[in-house]
Amino acid sequence: MSSLLFLLHIRDLDIVALTEDMLTLVFVEVKTRASDYVVSPEEAVDRQKIRNLGIAANAYVKQNDISLDLRFDLITVVGNERDSTDPVIEHWENAFNPMLVY
């Protein structure tokens, strides 16, 4: 196994998608919580997590020879199947920039 593939395996990317206009590659971090009582899902995306996502995205872009604009989004899901209410799902476009955490 090449070191690049190993890196992607260790530093997982939840969702990699293209925008409808096919001009931007979007890396999406998905955080789920049964509740947001202790910590909200967006607070769980800390400096180290953002740094790791940047490293994984960089490896993905290089491995696949991608020359598109990049964007980092966050999707949070709060709730579980035991709860009688529907889960709350939120999507933040451009939620963070890994280049700003180095």
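Refer to the structure above for everything that follows.
Now for a description of the structure that goes with this document. Quantities reported herein were computed from a predicted structural model and do not represent experimental measurements. All residue numbers refer to positions counted from 1 along the written sequence of the respective chain. Side-chain atom pairs in this predicted model are given and counted only at pLDDT of 80 or more, local residue features only at pLDDT of at least 70, and totals for whole chains, interfaces and linings cover all residues. Side-chain calculation: all heavy atoms of the structure are included, whereas hydrogens and water are not.

1. Observations concerning unusual backbone geometry
Next up, step 1: Of note, the phi angle at Met 22 is positive, near 65°, even though the residue is not glycine.
Next up, step 2: Only DSSP runs of H or I covering at least 4 residues are called helices, and only runs of E covering at least 2 are called strands; the numbering of each starts at the N terminus. Positionally, Met 22 belongs in the loop between β1 (15-18) and β2 (24-33).
Next up, step 3: Categorising residues by exposure relies on relative accessible area from a 1.4 Å probe, with only protein chains included: less than 20% of the type maximum marks a residue as buried, more than 50% marks it as exposed, and the intermediate range marks it as partly exposed. Of the residues examined, Met 22 reaches a relative accessible area of 51% and is grouped as exposed.
Next up, step 4: The backbone of Asn 94 shows a phi angle near 50°, a positive value even though the residue is not glycine.
Next up, step 5: Within the fold, Asn 94 resides in the segment after β4 (88-92).

2. With respect to the pairing of strand β3 (residues 69-78)
Within a regular strand, side chains alternate between the sheet's two faces.
Next up, step 1: Extensive coverage of β3 is indicated by the burial of 7 of its 10 residues.
Next up, step 2: Paired strands are those between which DSSP finds at least two bridges. In terms of strand pairing, β2 meets β3 through 10 bridges, oriented parallel. What sits directly across from Val 28, in β3, is Asp 73.

3. Regarding helix α2 (residues 47-63)
Next up, step 1: For α2, spanning 17 residues, the distance from its first C-alpha to its last is 24 Å, which sits close to the expected 24 Å at 1.5 Å a residue.
Next up, step 2: Along α2, the residues that are buried comprise Lys 49, Ile 50, Leu 53, Gly 54, Ile 55, Ala 56, Ala 57, Ala 59 and Val 61.
Next up, step 3: Looking one or two places after α2, you find Asp 65, whose phi comes out positive at around 50°. What a helix is expected to span follows from its residue count: subtract one and scale by 1.5 Å.

4. With respect to the pairing of β2
Next up, step 1: Most of β2 is tucked away, with 7 of its 10 residues classed as buried.
Next up, step 2: Pairing geometry for β1 and β2, over 4 bridges, is antiparallel. Paired with Val 16 across the bridge in β2 is Phe 27.

5. Regarding the packing of aromatic side chains
Next up, step 1: Within 6.5 Å between ring centres, the rings of Phe, Tyr and Trp (the latter by its six-membered ring) count as paired, and their orientation is classed by plane angle as stacked under 30 degrees, edge-to-face over 60, tilted in between. As enumerated under the stated definition, the model contains 3 aromatic pairs in all.
Next up, step 2: The interplanar angle of 90° and the centroid separation of 5.8 Å between the aromatic rings of Phe 27 and Tyr 60 together place this pair among those described as edge-to-face. Here the residue Phe 27 occupies a position in strand β2, and Tyr 60 occupies one in helix α2, the gap between them amounting to 33 residues.
Next up, step 3: With a relative accessible area of 3%, Phe 27 lands in the buried category.
Next up, step 4: Here Phe 27 and Phe 72 contribute two aromatic rings whose centre-to-centre distance is 5.4 Å and whose plane-to-plane angle is 20°, an arrangement assigned as stacked. Remark: Phe 72 occurs in strand β3 and Phe 27 occurs in strand β2; sequence separation between them is 45 residues.

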